[in-house]
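# Commentary on secondary and tertiary structure
Each chain, written out:
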2 protein chains.
Amino acid sequence: MKALVVEGPGSISLREVEIPASAGECLIRVTTAGICGTDLQILDGYADFHGVPGHEFVGVVESTPSTSDTAWIGQRVVADINIGCRRCERCAAGVKEHCANRKVVGIRGHDGAFAEYVTVPIENLHAVPDAIDDRTAVFVEPVAAACRILEQLALDDHSRIAVVGDGRLGLLIGQVLRTITPHVVVLGRHPEKLEIARALDLRIGDGKQDVGRFDVVVDATGRPEGIHRALELVRPRGTVVMKSTFHGEATVQSWPIVVNEVTIVGSRCGPFHRAIELLASGVVRTAPLVSAVMTFDQYQMAFEWARRSLKVLFAVQPESV
Amino acid sequence: MKALVVEGPGSISLREVEIPASAGECLIRVTTAGICGTDLQILDGYADFHGVPGHEFVGVVESTPSTSDTAWIGQRVVADINIGCRRCERCAAGVKEHCANRKVVGIRGHDGAFAEYVTVPIENLHAVPDAIDDRTAVFVEPVAAACRILEQLALDDHSRIAVVGDGRLGLLIGQVLRTITPHVVVLGRHPEKLEIARALDLRIGDGKQDVGRFDVVVDATGRPEGIHRALELVRPRGTVVMKSTFHGEATVQSWPIVVNEVTIVGSRCGPFHRAIELLASGVVRTAPLVSAVMTFDQYQMAFEWARRSLKVLFAVQPESV
């Protein structure tokens, strides 16, 4: 099969490799995959990943490890990307995404979906309803990550929220948080991305007059300076959500965190079922975010374009619906 | 009266100045004052403070602004250091410590207690019970700051807590948290301070084998690297409390905060009534922390010694009990 393979920082190539052995997992024929900020950071050396990247994908189940699971075969699916060791205290508590020995599809110790086939454990599968087409289903994973914020914070319709960052994740987070409160603004500095935010009916914030006024500020910039901006915008005793990972260090003036008693919450993967509901109902829209759909042969252009636009997808194998 | 006056970074001198005009506040004859880490940072330029520093103190009320308040005269008191504008939304909500226009005694826009007299609003006063002598009463403010953590976090007797920093604040926080859970350890690197921690029956942690295991880690180091250490020690989805301010920036690797979904909580001033209870009952002990009691004439040695020991006090005027 065709697969994109990372061999080190900045080194990725398209190769012909064996279809992965299922090894107790389900084999999925990947139809569409999305390029995420984390993938770009993996190319820059983040997490020291080697292998096939890609963790936003939709596909069709080709085979299952046990004959009792054959109902999944032919099912269109997305998949939770965390694979716990199944033996530790955290896995026992159902928190496999914090298992110290976990694998993460396309990010840590497990090949991902920038390939014609990928394997994942059966318990990670989520069926995709017909209301969600393949190009939308690719967004289930990042929308789930946005929904994680709803699990972590007690928000209500009075909450005043700023999302810093007008990238793919920022525009998804803005839409998800707007399901709870109308007082959500997006702050960004890319006119073409803010235009898409407007098309999604998101309010665009004026950062200047809003300093120190937000109950919650989400940093979705993917850049070290994002946390600075978030700390300027949040009110005393407010909350900053750190949503973006990046390779390298951020320099933070820590005294305002103490003096203003700010809470900072790291936020990662979230509930797939809630993301599927929001996408199926159309409350969260993703079509305007898709800036290009390319093939693996165009991977260099795809990654380059992903750095400068919202969401680039790979059309991997023929779509099933 | 005698007062220590800060004129700029590193510039402090003992001077003869006017007794402050009460200006609607109570005049307090200061008997004992403590040197806090924040005072040392003010000397280094933190908060760009000019005037009389000092915010840990005990004294006797000499005069009150209104004849209806004369019951306070002669009362031994400590005082909350935040003075709100009384006009804004936050003051109306009773959160004067986050009033944007607040003054803070000895820290921001209001002279402090490294002087024979200090003024504070009557609503900031707390009577000191006889069970607490002057040298203990000076610790009400920092113990209150430690008690703030109890207001911010939901702790119980299963909570596993590390306090990073064996300084004055660390040893107070360790004692306060131990009133909730037996699983509190202090981590430090100063043998002479850890000896005092042991004398206070605090458990001394072995940082190496405890990495990633604590539910809560309190950074009380007062140094930029404290937050790094705290982030190593805390478990996934655990909480780091930032308790110490310092002048300058900290460099933080932000991806572990996101990947491990750590919560960071800035924590400042706390409830005086709870601190007074803990000190009056003897549950929190402070006598072993006092490394020297000096006079204003010895101020240079006092600040120098305060940088290298636990708590240096100024004996200002004769004690009343």
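Quick summary incoming for the structure in this document.

The rules behind each value
Residues numbered from 1 in each chain as written. Chains lettered and ligands numbered in written order. Predicted model: local features only at pLDDT ≥ 70, side-chain atom pairs only at ≥ 80, totals over all residues. Heavy atoms only, no water. Helix = DSSP H or I, 4+ residues; strand = E, 2+ residues; numbered from the N terminus. Rg over C-alpha atoms; globule rule 2.2 N^0.38 Å. Contact = heavy atoms within 4.5 Å. Buried < 20%, exposed > 50% of the residue type's maximum accessible area, 1.4 Å probe, protein only. Arc of directions from axis to C-beta. 1 Å grid on protein atoms, 1.4 Å probe; cavity = no way out; pocket = protein on both sides within 12 Å on 5 of 7 lines; lining within 4 Å. Points joined across faces, edges and corners; volume = space filled by probe spheres on them. Nonpolar A, V, L, I, M, F, W, Y, C, P; charged D, E, K, R; others polar. Pairing = 2+ DSSP bridges. Least-squares fit on C-alpha atoms with pLDDT ≥ 70 in both. Salt bridge = Lys/Arg side-chain N within 4 Å of Asp/Glu carboxyl O.

### What to know about the overall build of chain A
Tallying secondary structure elements over chain A gives 10 helices and 19 strands in all. Its C-alpha radius of gyration of 19 Å places chain A within 12% of the 20 Å reference for a compact globule of 321 residues. For chain A, the spread of C-alpha atoms along the three principal axes comes to 60 × 45 × 40 Å. Once local pairs closer than 6 in sequence are excluded, the contacts in chain A between residues at least 24 apart make up 67%.

### As for helix 9 (residues 272-280) of chain A
Residue and element names in this part refer to chain A. Buried residues of helix 9: F272, A275, I276, L278 and L279, and no others. Each buried residue of helix 9 sits inside an arc of 165° when the element is viewed along its axis, so together they form one side. The secondary structure elements touched by the buried residues of helix 9 are strand 5 (76-79), strand 10 (125-127), helix 3 (134-137), helix 4 (140-152) and helix 5 (168-177). Two residues or fewer after helix 9 comes G282, characterised by a positive phi angle close to 85°.

### Quick notes on empty space enclosed by the protein
All names here are of chain A. Summed over the entire model, instances satisfying the criterion amount to two cavities of 30 Å³ or more. Of the voids in this model, the largest cavity is the one considered here, and its volume is about 120 Å³. Broken down by class, the residue content of the lining of the largest cavity amounts to 12 nonpolar, two polar and no charged. The volume enclosed by the second largest cavity comes to roughly 30 Å³. As for the second largest cavity, its lining consists of H55, E56, F57, V78, A79, A137, V140, E141 and F272.

### Remarks on unusual backbone geometry
Residues and elements named next belong to chain A. Although it is not a glycine, D201 sits at a positive phi angle of roughly 60°. As for its position among the elements, D201 is in the loop between helix 6 (191-199) and strand 13 (203-204). Accessibility expressed as a relative area gives 56% for D201, which makes it exposed. For E261, which is not a glycine, the phi torsion comes out positive at approximately 50°. Examined against the element boundaries, E261 turns out to sit in the loop between helix 8 (255-259) and strand 17 (263-266). When its relative accessible area of 3% is taken as the criterion, E261 is described as buried.

### Let's talk about the sheet that holds strand 11 (residues 161-164) of chain A
With mixed pairing, 12 strands are arranged side by side in an open sheet as 13(A)-12(A)-11(A)-14(A)-15(A)-17(A)-17(B)-15(B)-14(B)-11(B)-12(B)-13(B). Both edges of this open sheet fall to strand 13 of chain A together with strand 13 (203-204) of chain B, since each of them pairs with a single strand only. Here two bridges tie strand 12 (residues 184-187) of chain A to strand 13 of chain A, and the two strands are oriented parallel to one another. Residue V185 of chain A lies in a different strand from strand 13 of chain A, and its bridge partner there is R203 of chain A.

### Focus: the relation of the copies chain B and chain A
By a simple turn and slide, chain B fits onto chain A: the slide is 0.0 Å along the axis, the RMSD is 0.0 Å, and the turn is 180°. As the rotation angle and translation indicate, the two copies are arranged about a two-fold axis. Of the C-alpha atoms belonging to chain B, the one lying closest to the rotation axis is found on T251 of chain B, 2.1 Å away. A symmetric contact is evident, with 100% of the interface residues of chain B recurring at the interface of chain A.

### Looking at the pairing of strand 16 (residues 249-253) of chain A
In regular strands, side chains alternate between the two faces of the sheet. Of the two faces of strand 16 of chain A, the one lined by A250 and V252 of chain A is fully buried and the one lined by E249, T251 and Q253 of chain A carries no buried residue. Examined bridge by bridge, strand 16 of chain A and strand 16 (residues 249-253) of chain B share five bridges and lie antiparallel to one another. Paired with V252 of chain A across the bridge in strand 16 of chain B is A250 of chain B.

### Some remarks on the pattern of salt bridges
If you walk through the whole model with that rule in mind, you get 38 salt bridges over all chains. Residue E151 of chain A pairs with R148 of chain A through a salt bridge whose shortest N-O separation is 2.8 Å. Residue E151 of chain A and its partner R148 of chain A are both found in helix 4; the two are separated by three residues, about one turn of the helix. For E151 of chain A, a relative accessible area of 45% translates into the label partly exposed. Given a relative accessible area of 8%, R148 of chain A falls into the buried group. The closest approach of N and O atoms between R285 of chain A and D201 of chain A, which form a salt bridge, is 3.5 Å. Remark: D201 of chain A occurs in the loop between helix 6 and strand 13 and R285 of chain A occurs in the loop between helix 9 and strand 18 (290-294); sequence separation between them is 84 residues. Connected through salt bridges with shared partners, the residues E97, R148 and E151 of chain A together with R237 and E261 of chain B form a single ionic network.

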